[in-house]
Structures are given as structure tokens and as C-alpha cells.
Amino acid sequence: YTTVRNEHLRAGRLDDVIDVLVLPDTSSRQLDRGREPGSAPERYVGGLDPEGAVAIEEFVRRGGTLVAIEDAAAWAIELFGLPLVDVARGSE
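Residues numbered from 1 in each chain as written. Predicted model: local features only at pLDDT ≥ 70, side-chain atom pairs only at ≥ 80, totals over all residues. Heavy atoms only, no water.

J.: Tell me what's going on with the overall build of the protein chain, and back it up with residues and numbers.
T.: The secondary structure content of the protein chain amounts to 4 helices and 2 strands. In terms of overall dimensions, the protein chain is globule-like: its C-alpha atoms have a radius of gyration of 13 Å, near the 12 Å expected for 92 residues. In terms of principal-axis extent, the alpha carbons of the protein chain reach across some 35 × 35 × 25 Å. Split into buried and exposed, the 92 residues of the protein chain put 23% on the buried side. (Helix = DSSP H or I, 4+ residues; strand = E, 2+ residues; numbered from the N terminus. Rg over C-alpha atoms; globule rule 2.2 N^0.38 Å. Buried < 20%, exposed > 50% of the residue type's maximum accessible area, 1.4 Å probe, protein only.)

The structure is reproduced here in C-alpha cells:
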């Protein structure tokens, strides 16, 4: 396994480097925008930005496996426009 940072994701062609991408339990907002500057070391701030989301979508569409844990699943559902409802959280 390897740790993949935002800059790796934004660079694209993930399928050249990994077979499975695991997104930890984090909110859609934090995935997109990241932590605020000053709230963590500089290498841990910033989000995926649109380029990272596009790279993840391309990775999955090329056959890569995406595992999204807890809140990250909502982000993945939205990214792929999946017709799913999280019944465990109730209607929103």
C-alpha cells in the first residue's frame, strides 16, 4: 500500500500507480476543499479540487476500485451521480 496525497490525485492517471483507492471517513466539504491553512501542517491542507475529483472518476471508469468509508461515501455517490439513498441517515 501507499499513501496518496492530493497532489498525486490531481496529477491523474491513478491506474498507473494504484489498483484500489480508499477514501477515509471525511466530509464532502473536506474532500473538496481540505483543511483550512494553519489548522494542520501545510502538506495536509487543501482539498482535491476539481482536478482530483476528475482523476478519481477516471480511475474508477478505467476499472480501478474505490472504497469510500462512512461520510466519504456521500461524496462518491454525488461524484458519480448514483441513484442511491443512505437509508441509515434518514431522508435529507
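Read on for the rest.
J.: For the nonpolar core, give the residues involved together with the corresponding values.
T.: Judged by nonpolar contacts, the single largest core of 14 residues is most densely connected at L14, L21, I56 and W75. For this core, the element with the most residues is helix α3 (residues 49–61), which contributes 4 residues. If we skip the residues at most four places from it in the chain, L14 touches H8, L9, A55, I56 and F59. (Core = buried A, V, L, I, M, F, W, Y, C linked by side-chain atoms within 4.5 Å. Contact = heavy atoms within 4.5 Å.)

J.: A description of the pattern of salt bridges should follow, citing residues and the corresponding values.
T.: Applying the stated criterion to the full structure yields 6 salt bridges. With a closest N to O distance of 3.0 Å, E57 and R61 form a salt bridge. Here R61 and E57 lie together in helix α3, a separation of 4 residues that amounts to about one turn. (Salt bridge = Lys/Arg side-chain N within 4 Å of Asp/Glu carboxyl O.)

J.: So, unusual backbone geometry: which residues are in play, and what are the values?
T.: Non-glycine residue R13 carries a positive phi angle of around 50 degrees. In this structure, R13 sits in the loop between α1 (6–11) and β1 (20–23). Since its relative accessible area comes to 41%, R13 is described here as partly exposed. Unusually for a residue other than glycine, D49 sits at a positive phi of about 60 degrees. Secondary-structure assignment places D49 in helix α3.

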